[in-house]
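# Structural overview
Below are the chains, spelled out letter by letter.
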Amino acid sequence: CAGLTTDREKVNALYKYMQENMRYVSVQLGIGGWQTFDAKYVEENKFGDCKALSNFMKAMLKHAGIKSNMIVIGSGRNSFPLQEDFVSPNMNHMILYVPEEDMWLECTSTYGPLDYIGSSTEDRNCLLVSEKNGGLIKTPALSKSSCTREQTIILDGDGNASCQLDCKETGMYQESNRYYINTEKKSELEDRFTEEFSIKGAEIVDFELNVDQDSPSLSRSFELQVRRFANKTGKRFFVPVSLVEHDFYMLSAEERIHDLLFRSGIHENDEISITIPEGFVIESMPESNYEIDTKYGKYIFAINAVENQINISRALQVHKGRYPVSEYEEVKAFMKMVRKMDNAKIVLKEAA
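Everything quoted here is computed from the prediction, not taken from an experiment. (Residues numbered from 1 in each chain as written. Predicted model: local features only at pLDDT ≥ 70, side-chain atom pairs only at ≥ 80, totals over all residues. Heavy atoms only, no water.)

### Some thoughts on the packing of aromatic side chains
Considering all chains together, one arrives at 11 aromatic pairs under this definition. One aromatic cluster in this structure is built from Phe193, Phe197, Phe207 and Phe222. The ring of Tyr180 has Arg192 sitting right over it, with the charged end atom 3.6 Å from the ring centre. (Phe/Tyr/Trp six-rings, centres within 6.5 Å; stacked < 30°, edge-to-face > 60°. Lys NZ or Arg CZ within 6 Å of the ring centre and 35° of its normal.)

### Some details on the side chain of Arg178
If you trace the backbone, Arg178 turns up in helix α4 (residues 175-183). Notably, Arg178 is buried but unbridged: the nearest opposite-charge side chain belongs to Asp212, and the N-O separation is 5.9 Å. A distance of 3.0 Å separates a polar side-chain atom of Arg178 from the backbone oxygen of Tyr111. A distance of 2.7 Å separates polar atoms of two side chains, one belonging to Arg178 and the other to Gln174. (Helix = DSSP H or I, 4+ residues; strand = E, 2+ residues; numbered from the N terminus. Buried < 20%, exposed > 50% of the residue type's maximum accessible area, 1.4 Å probe, protein only. Lys, Arg positive; Asp, Glu negative; His and termini not counted. Salt bridge = Lys/Arg side-chain N within 4 Å of Asp/Glu carboxyl O. Polar contact = N/O pair within 3.5 Å; in protein donor to acceptor, adjacent residues only side chain to side chain.)

### Remarks on the sheet that holds strand β5 (residues 103-105)
One open sheet holds the 5 strands; their spatial order is β5-β4-β3-β6-β7, and the pairing between them is antiparallel. Pairing within the sheet leaves two strands with one partner each, and these edge strands are β5 and β7 (135-138). Pairs of neighbouring strands in the sheet enclose a mean axial angle of 40°, with direction left out of account. Sheet strands in contact with helix α3 (residues 50-63) are β3 (69-73), β4 (93-98) and β5, and its direction is about 20° off that of β4. (Pairing = 2+ DSSP bridges. Axes fitted to C-alpha atoms, helices over the stretch in contact; angles between N-to-C directions. Contact = heavy atoms within 4.5 Å.)

### Observations concerning the nonpolar core
Of all hydrophobic cores here, the largest spans 52 residues; its most connected members are Leu224, Val239, Leu243, Ile274, Tyr299, Ile312 and Ile346. Considering every element that reaches this core, the biggest residue donor is helix α6 (residues 328-342), with 6 residues. Residue contacts for Leu243: discarding those within four places in its chain leaves Gln151, Ile153, Cys163, Leu165, Ile199, Leu224, Val226 and Phe229. (Core = buried A, V, L, I, M, F, W, Y, C linked by side-chain atoms within 4.5 Å.)

### Focus on the pairing of β3
Here β3 lies mainly inside the structure; 5 of its 5 residues are buried. A two-sided burial pattern is seen for β3, the buried positions comprising Asn69, Ile71 and Ile73 on one face and Met70 and Val72 on the other. For β3 and β4, the ladder comprises 5 bridges, and the chain directions are antiparallel. Residue pairing for β4: Met70 is matched across the bridge by Leu96. For β3 and strand β6 (residues 125-129), the ladder comprises 3 bridges, and the chain directions are antiparallel. Bridge pairing in β6 links Met70 to Val129.

Take a look at the structure:
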């Protein structure tokens with residue numbers, strides 16, 4: 001911390017020191033699930049569980065004159081919430097809170113930015129541990145998480161496509177990819193791309209990945225060759241409106257017993273450019289301007305053609321929240337219309 005003037009600078013320096021020099025190990029031996037190892041143990045062995053790393057970070061901050069509090073919390077998307085009027089120890093994790101800076105530190109994270117706790121512990125009650133008065137406190141909700149994609153698709157006369165896919169991801173969208181980019185080999189990252197996007201006939205020509213070290217964001221760019229991107233039937237091509245499939249939004253159950261709970265909001269934006277080959281003209285396209293706006297979410301789809309280029313804008317928002325089972329059919333209908341537009345086709349035919 002030598003030469004640093006503000007507490008935030010000192011917290012940042014110490015947090016990065018811990019990330020670079022200590023590693024997370026889940027300690028389950030003896031009473032390891034309940035009692036932490038001390039800071040000296042972590043310093044000597046260079047590892048610790050969530051309690052030990054949080055305690056180690058707290059000790060460093062104390063030495064720098066910065067107060068912090070241990071936070072006991074239930075981690076995971078399916079964690080039962082802590083309730084003010086019902087005593088139940090639904091907690092399995094520990095993080096650290098710096099009250100003077102209103103900063104939350106996930107001390108088990110090796111690659112995450114400062115003051116970012118992630119989707120597994122955001123927006124929920126937790127127990128603040130203090131020398132005098134502890135009590136329930138709530139972690140902040142993540143700032144808007146978004147996924148923005150730019151797709152450039154150039155078709156040839158056989159229905160194959162040369163493609164460029166550029167992705168900008170923030171918040172929860174970047175969490176797993178940030179970890180993979182920092183820990184996996186190039187071949188493993190290629191396999192993950194194939195699994196994530198499921199683009200049939202795709203071959204990765206080249207890709208570039210960039211992680212922002214100081215904010216929860218990253219960018220990914222892929223150059224692809226896609227065989228038979230457009231299906232040919234006679235003298236016509238049936239062209240998908242997007243390189244990326246979105247089928248996972250479909251709700252399929254005929255009946256539902258429980259309420260719907262969307263733990264996280266969805267914010268996706270796609271800008272798509274499709275260049276059609278010489279000798280073909282557009283026979284039909286989806287509705288040019290389509291919009292659905294409901295209490296559950298919003299979907300906008302716009303398409304237009306200029307000479308041999310088709311431009312598409314797509315935006316999807318699904319609002320975080322709990323919706324009663326009585327509204328299941330309405331939510332299902334919204335998702336069904338989104339899927340219908342996402343699976344629409346552009347029809348090209350050979351020019352006379």
